Amino acid sequence: MALILIRAEDQGKLLNTLADIERHAGLKVAGKPRILNPKIADEIAGKILKQKLRSTSSIAVLVRVEDDTTKSIVNIRKIHPPAHVIVISEEYGEFKDLIKLFNELPYLKGYYSHKNKEN
């Protein structure tokens, strides 16, 4: 299982990015994405990337995918989503905190999986 942080300018770009992750990267989203405070998401992204971010996000979500971290990174690097996508591996200290926080976060409204449930 991998944890993915998506930072976006608006909900439309966020939903398109989720669709791209499933359709084009071939990753299976586990459950529903959870809304994360954009300021917290920007802070986490800055720590993981170890640099100052060029822009701030207006909306952010955490997503769990069934695929492992390595496959998630490789597949996401092949696509060009309209939002900033960061795969957070177990190596980062923020991973454990985000996993604990995940179930307490509210669901993202407007999201539905584009994958066929039988596959």
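Quick caveat: nothing in here was measured; it's all calculated off a predicted structure.

**Student:** Just give me the short version of the side chain of Glu22, but keep the residues and values in it.
**Tutor:** Positionally, Glu22 belongs in helix α1 (residues 11-23). Lys28 provides the closest opposite charge to the buried, salt-bridge-free Glu22, at an N-O distance of 5.2 Å. Only 3.2 Å separates the side chain of Glu22 from the side chain of Tyr111, close enough to count as a polar contact.

**Student:** Explain the packing of aromatic side chains to me, using residue names and the numbers behind them.
**Tutor:** Inspection of the entire model under this criterion finds zero aromatic pairs. Of note, Lys32 hangs over the ring of Tyr107, and the distance from its end group to the ring centre comes to 5.5 Å.

**Student:** Describe the nonpolar core, listing the residues and the values that go with them.
**Tutor:** Counting 21 residues, the largest nonpolar core has Ile4, Ile6 and Val63 as its most contacted members. If we ignore the near neighbours within four places in the chain, the residues touching Ile6 are Leu14, Thr17, Leu18, Ile21, Ile59, Ala60, Val61, Val63, Ala83, His84 and Val85. Membership of the second largest hydrophobic core comes to 15 residues, among which are Leu3, Ile44, Ile88 and Leu98.

**Student:** Describe in detail unusual backbone geometry, supporting the description with residues and values.
**Tutor:** With a phi close to 55°, Lys50 is a non-glycine residue in the positive phi region. With respect to the helices and strands, Lys50 occurs in the loop between α2 (38-49) and β3 (59-65).

**Student:** Can you break down the pattern of salt bridges residue by residue, with the values?
**Tutor:** All told, the structure shown has four salt bridges when counted by the stated rule. Residue Asp42 pairs with Arg7 through a salt bridge whose shortest N-O separation is 2.7 Å. Of this pair, Asp42 sits in helix α2 while Arg7 sits in strand β1 (residues 2-8); the two residues are 35 residues apart in sequence, bridging distant segments of the chain. With relative accessibility at 7%, the residue Arg7 sits in the buried group. The closest approach of N and O atoms between Asp67 and Lys71, which form a salt bridge, is 3.2 Å. Using a relative accessible area of 36% as the deciding quantity, one classes Lys71 as partly exposed.

**Student:** Outline the side chain of Thr69, listing residues and values.
**Tutor:** Secondary-structure assignment places Thr69 in helix α3 (residues 69-77). By relative accessible area, Thr69 is classed as buried at 10%. With near-sequence residues (within four places) excluded, Thr69 lies in contact with Met1, Ala2, Val87, Ser89 and Glu90.

What counts and what doesn't
Residues numbered from 1 in each chain as written. Predicted model: local features only at pLDDT ≥ 70, side-chain atom pairs only at ≥ 80, totals over all residues. Heavy atoms only, no water. Helix = DSSP H or I, 4+ residues; strand = E, 2+ residues; numbered from the N terminus. Buried < 20%, exposed > 50% of the residue type's maximum accessible area, 1.4 Å probe, protein only. Lys, Arg positive; Asp, Glu negative; His and termini not counted. Salt bridge = Lys/Arg side-chain N within 4 Å of Asp/Glu carboxyl O. Polar contact = N/O pair within 3.5 Å; in protein donor to acceptor, adjacent residues only side chain to side chain. Phe/Tyr/Trp six-rings, centres within 6.5 Å; stacked < 30°, edge-to-face > 60°. Lys NZ or Arg CZ within 6 Å of the ring centre and 35° of its normal. Core = buried A, V, L, I, M, F, W, Y, C linked by side-chain atoms within 4.5 Å. Contact = heavy atoms within 4.5 Å.

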